[in-house]
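Read off the chains here:
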Amino acid sequence: MINDILTVMWKETRSLVRNRSMRSRFLFTLLSPLLFALLFPWKMGADWVDSPMPLMVCALISLATVAMLVPDTFAGERERHTLETLLASRLPDRAILLGKLAVSITLAWGLSMLALILSLGTTNVFAWGSGLILYTPATGLGSLALSLLLAVLTAGIGVLVSQRAATVQQATQTLVATFMFPAVLLQFAFLLFNEQVSGLIRGINGQQVLLIGLAVLAAIDGVLLTLMLLRFRRSRLVVGL
Amino acid sequence: MRTQMAIQVQDLICDFGAVRALNGLSLQVPKGSVFGFLGPNGAGKTTTIRLLLGLLEPTAGRAQVLGFDPRHQAHEIRKRTGALLEHTGIYEHLSAEDNLTFYGRVWRLPAAQMRARIRELLVPMGLWDRRKDLAGTWSRGMKQKLALARTLLHRPQLILLDEPTAGLDAAAAAAIRHQLQALAVREQVTILMATHNLPEAETLCHQVAVVRAGRVIAVGRPDQLRTQASTPRVQVVGHGFTEQALELLRARPEVTAARRQNHHLDIDLRLETDIAPLVQLLVSAGVQVEEVHRVRASLEEVFLALTQGGNHD
């Protein structure tokens with residue numbers, strides 16, 4: 001099983017590297033989060049390491065990377081007429097699914113780590129004084145955990161969307177709408193219940209909010225992955241090809 | 001169950017919503033044979049192949065492929081099968097070699113064995129020197145050959161081909177046919193080939209099944225089908241085919257029709273009868289006979305008669 005997952009990952013990575021348009025879109029999408037990872041530490045100095053900003057940058061990188069890659073997983077293969085041949089091979093269902101998920105998640109998480117390291121380097125260069133500046137455990141570990149959990153969430157939803165979409169464009173649009181809708185709803189809710197929400201937030205500290213958020217995300221990811229593994233069927237992908 | 005059949009299908013039904021794609025299809029493909037699966041577009045050929053590979057679940061009916069049930073043991077079938085489906089399935093952003101390497105890894109071929117096999121397949125196809133090219137830059141014929149190489153990479157026991165020469169020019173189609181012919185002899189595999197290219201089926205296949213509206217309406221060797229499905233006919237080449245000579249012929253009980261063409265006469269017979277008395281009759285009526293030969297309908301004529309004819313249920 002592990003070998004099969006690695007084989008799918010090998011193909012996905014190779015396709016990403018060799019596909020010129022995908023490569024340039026990918027680099028362009030990453031430009032702004034990576035710029036944030038350099039600009040903010042430069043402007044904020046030593047405050048960067050214990051501010052919530054690293055969390056936000058990592059979250060943004062995770063979302064952008066996965067949202068860029070994941071619509072292509074099944075919808076792209078369907079559009080390029082390679083999906084049926086892949087499904088007719090001896091690869092188990094789970095290896096195909098997990099291999100495709102793993103590439104997006106690994107890349108998103110790897111880039112988040114890279115951004116964390118780069119921004120730490122920038123902080124140390126511009127705020128050098130009394131020795132090496134490091135992230136607080138809450139910020140450093142929280143950022144890594146948040147980017148991983150968000151990558152899994154986005155990849156999970158993205159794969160579900162991609163399995164049903166006829167084209168990559170359709171998958172991308174559906175995925176963006178899926179994430180935009182709750183974000184807009186939350187914003188409205190915040191505007192409507194501003195005082196109550198502010199009171200609630202003031203009552204608990206940042207680390208508690210982070211922990212609760214991570215726990216909720218982990219639970220959602222767990223349910224999503226379990227559902228995907230249980231419901232993934234070749235026959236559902238082949239109908240309509 | 002150990003049988004001499006690579007594929008056994010019985011009363012297979014497959015519905016897509018209100019549409020019945022397969023309507024009680026039954027089929028037996030002997031091991032080591034090249035079996036043609038003929039039918040017009042929408043007859044159910046692709047659906048059958050997908051069902052045999054376990055990519056679709058049938059609504060009803062039973063199937064066995066290499067002794068395994070596609071419904072519950074599809075993984076075992078796919079392990080032993082190579083499939084060249086409706087589309088080549090080639091990754092155009094990868095090189096030809098990477099395409100084969102990926103599937104070599106999928107089939108878990110050891111690296112050295114995989115390299116040797118890739119060379120063994122690409123050299124006779126004339127693709128070896130261009131193996132580093134991106135597959136997307138290749139012609140359709142070359143991609144189809146590459147897809148055929150991928151299908152054969154793991155030395156499958158069974159090969160399923162869905163219109164392997166569709167959309168290719170004559171030269172590329174002939175090259176693919178040549179590869180398939182050589183393969184059938186060299187590797188002794190069972191090949192099920194869905195096609196609507198009748199000359200191709202006639203050249204390659206030991207047996208063919210004609211499918212229409214989701215069920216098999218005729219099955220047998222191509223020559224058998226031609227004999228069974230076509231009217232025995234005699235063609236007489238010569239001069240002096242007068243109306244009187246034709247009337248004499250039409251009066252014979254074994255003759256169902258006699259038609260004068262440009263320089264010959266077509267005589268449709270009821271049975272495979274001795275034609276010497278008919279020739280004698282023509283000669284006595286003043287016809288100058290130069291040549292006489294029995295004519296068989298082509299597989300194409302048989303196919304058209306079967307698929308465009310009445311209900312064969």
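Along each chain, the written sequence defines residue order, and numbers are assigned to residues from 1. Just so you know, chain letters begin at A and ligand numbers begin at 1, following the order they were written in. In keeping with the predicted nature of the model, local features appear solely for residues at pLDDT of at least 70, side-chain atom pairs appear and are counted solely at 80 or more, and the whole-chain, interface and lining totals rest on all residues. For the side-chain quantities, the full set of heavy atoms in the structure was used; hydrogens and water were omitted.

Peer 1: Give me the overall build of chain B: which residues, what numbers.
Peer 2: Secondary structure elements are taken from DSSP: a helix is a run of H or I of four residues or more, a strand is a run of E of two residues or more, and numbering for both begins at the N terminus. Along chain B, the regular secondary structure elements total 11 helices and 13 strands. Each principal axis of the C-alpha distribution contributes one length, and for chain B these read about 80 × 45 × 35 Å. Summary of the burial criterion: residues with accessible area below 20% of their type's maximum are buried, those above 50% are exposed, and those between are partly exposed, where the area comes from a 1.4 Å probe applied to protein chains only. Out of the 313 residues belonging to chain B, those deemed buried represent 53%. Any two residues whose heavy atoms approach within 4.5 Å are treated as being in contact. Within chain B, contacts between residues at least 6 apart in sequence are counted, and of these 66% link residues at least 24 apart. When the accessible surface of chain B is totalled, it reaches about 14300 Å², and 49% of it is carbon and sulfur. His residues and chain termini do not enter the charge count, which takes Lys and Arg as positive and Asp and Glu as negative. Charge positions are represented by NZ for Lys, CZ for Arg, CG for Asp and CD for Glu. The distance from the centre of the 37 positive side-chain charges to the centre of the 31 negative ones in chain B is 8 Å. Surface accessibility follows the Shrake-Rupley procedure with a 1.4 Å probe radius. Residue values consider only the protein chains on display as shielding.

Peer 1: Lay out the side chain of T139 of chain A in plain terms, naming residues and giving numbers.
Peer 2: All names here are of chain A. Here T139 is to be found in helix 7 (residues 137–164). Relative accessible area serves as the criterion here: at 6%, T139 is assigned to the buried category. When sequence neighbours within four positions are dropped, the list of residues in contact with T139 reads V49, D50, S51, P54 and L55.

Peer 1: Please provide a residue-by-residue account of the side chain of H154 of chain B, values included.
Peer 2: All names here are of chain B. Positionally, H154 belongs in the loop between helix 5 (140–152) and strand 6 (158–162). The class of H154 is buried, set by a relative accessible area of 13%. Two N or O atoms count as a polar contact when they lie within 3.5 Å, although within protein this holds only if one can serve as hydrogen donor and the other as acceptor, and sequence-adjacent residues are included solely when both atoms are side-chain atoms. Within the local environment of H154, its side chain forms a polar contact with the backbone oxygen of T81, the two atoms lying 3.0 Å apart.

Peer 1: I'd like to hear about a positive patch on the surface, residue by residue, with values.
Peer 2: By definition, no residue in a patch forms a salt bridge, and every one has over 30% relative accessible area; like charges are joined within 9 Å, nonpolar side chains (Val, Leu, Ile, Met, Phe, Trp, Tyr) within 5 Å. Salt bridges, as used here, are contacts in which a Lys or Arg side-chain nitrogen is within 4 Å of a carboxyl oxygen on Asp or Glu. A contiguous patch of positive charge on the surface is contributed by R94, R164, R231, R233 and R236 of chain A. Tracing the backbone through its elements, the reader meets R236 of chain A in helix 11 (residues 234–238).

Peer 1: Report on the interface of chain B and chain A, specifying residues and quantitative values.
Peer 2: With 28 residues of chain B at the interface, the matching set in chain A holds 28 residues. As a working definition, buried area equals the accessible area (1.4 Å probe) given up by two parts on being put together, with both sides summed. Between chain B and chain A, a total of about 2800 Å² is buried, with carbon and sulfur atoms accounting for 61% of that surface. Run the count over chain B and chain A and you get four salt bridges. Of the charged contacts, one joins D98 of chain B and R18 of chain A as a salt bridge, the two residues approaching to 3.2 Å between their closest N and O atoms. Taken together, the links from chain B to chain A amount to 10 residue pairs in polar contact (both at pLDDT 80 or more).

Peer 1: Describe in detail the packing of aromatic side chains, supporting the description with residues and values.
Peer 2: Geometry of aromatic contacts follows a simple scheme: Phe, Tyr and Trp rings, the Trp one being its six-membered ring, pair when their centres are within 6.5 Å, and the pair is stacked under 30 degrees between planes, edge-to-face over 60, tilted otherwise. Within the structure shown, the criterion is met by four aromatic pairs over all chains. Arranged with centres 5.6 Å apart and planes meeting at 50 degrees, the rings of F74 of chain A and F232 of chain A form a pair that is tilted. Placement of F74 of chain A in the loop between helix 3 (53–69) and helix 4 (75–79) and of F232 of chain A in the loop between helix 10 (206–231) and helix 11 is noted, with a sequence separation of 158 residues between them. F232 of chain A carries the same exposure label as F74 of chain A, and that label is buried. Summarising the aromatic geometry, the rings of F102 of chain B and Y103 of chain B are spaced 4.9 Å apart at their centres and angled 65 degrees between planes, so their arrangement reads as edge-to-face. A residue is classified by how much of its surface remains accessible, and F102 of chain B, at 0% relative accessible area, is buried. Taking the relative accessible area as the measure of exposure, Y103 of chain B reaches 2% and is therefore buried. The structure contains a cluster of three or more aromatic residues connected by ring pairs, namely Y91, F102 and Y103 of chain B. Lying over the aromatic face of F102 of chain B, K11 of chain A brings its terminal NZ or CZ to 5.9 Å of the ring centre. When the NZ atom of lysine or the CZ atom of arginine is within 6 Å of a ring's centre and also within 35 degrees of its normal, the charge is said to sit over that ring. The ring centre of W128 of chain B lies 3.8 Å from the NZ or CZ of R131 of chain B, which sits over that ring.

Peer 1: I'd love a proper account of the pairing of strand 3 (residues 34–38) of chain B, names of residues and values included.
Peer 2: Residue and element names in this part refer to chain B. Of all five residues in strand 3, five are buried, a share of seventy percent or more. By the convention used here, strands pair only if DSSP detects at least 2 bridges between them. Bridge count between strand 3 and strand 7 (residues 190–195): five bridges; the pairing is parallel. Within strand 7, the position partnered with F35 by the bridge is L192.

Peer 1: A description of the pairing of strand 10 (residues 233–239) of chain B should follow, citing residues and the corresponding values.
Peer 2: Regular strands place side chains that alternate from one sheet face to the opposite one. Residues and elements named next belong to chain B. The element strand 10 is extensively covered by neighbouring structure, given that five of its seven residues are classed as buried. Pairing analysis gives five bridges linking strand 10 to strand 12 (residues 264–269), with the strands arranged antiparallel. Note on strand 12: the bridge partner recorded for R233 is D268. Of the strand pairs in this sheet, strand 10 and strand 13 (residues 288–295) are connected by seven bridges, and their pairing is antiparallel. Counted as the bridge partner of V237 is E291 from strand 13.

Peer 1: Could you give me a rundown of the sheet that holds strand 1 (residues 5–16) of chain B, with the residues and numbers involved?
Peer 2: All names here are of chain B. Taken together, the three strands give an open sheet; going across it, the order is 2-1-4, and neighbouring strands pair in antiparallel fashion. The open sheet has two free edges, formed respectively by strand 2 (19–30) and strand 4 (60–65), since each of these has just one partner strand. On average, each strand axis in the sheet is tilted by 15 degrees relative to the strand beside it, whichever way the strands run. For strand 1 and strand 2, the ladder comprises nine bridges, and the chain directions are antiparallel. Among the inter-strand pairings, C14 is bridged to a residue of strand 2, identified as L22. For helices, the axis comes from a line fit to the C-alpha atoms of the stretch in contact; other axes are also lines fit to C-alpha atoms, and the angle between any two N-to-C directions lies between 0 and 180 degrees.

Peer 1: Tell me about the confidence of the model for chain B, and name the residues and values.
Peer 2: For chain B, per-residue confidence averages 85 on the pLDDT scale, and residues scoring 70 or more make up 95% of the total. Element-level mean pLDDT values for chain B span from 72 in helix 11 (residues 299–308) of chain B up to 95 in helix 3 (residues 96–106) of chain B. The predictor reports its confidence for every residue as pLDDT, a score running from 0 up to 100.

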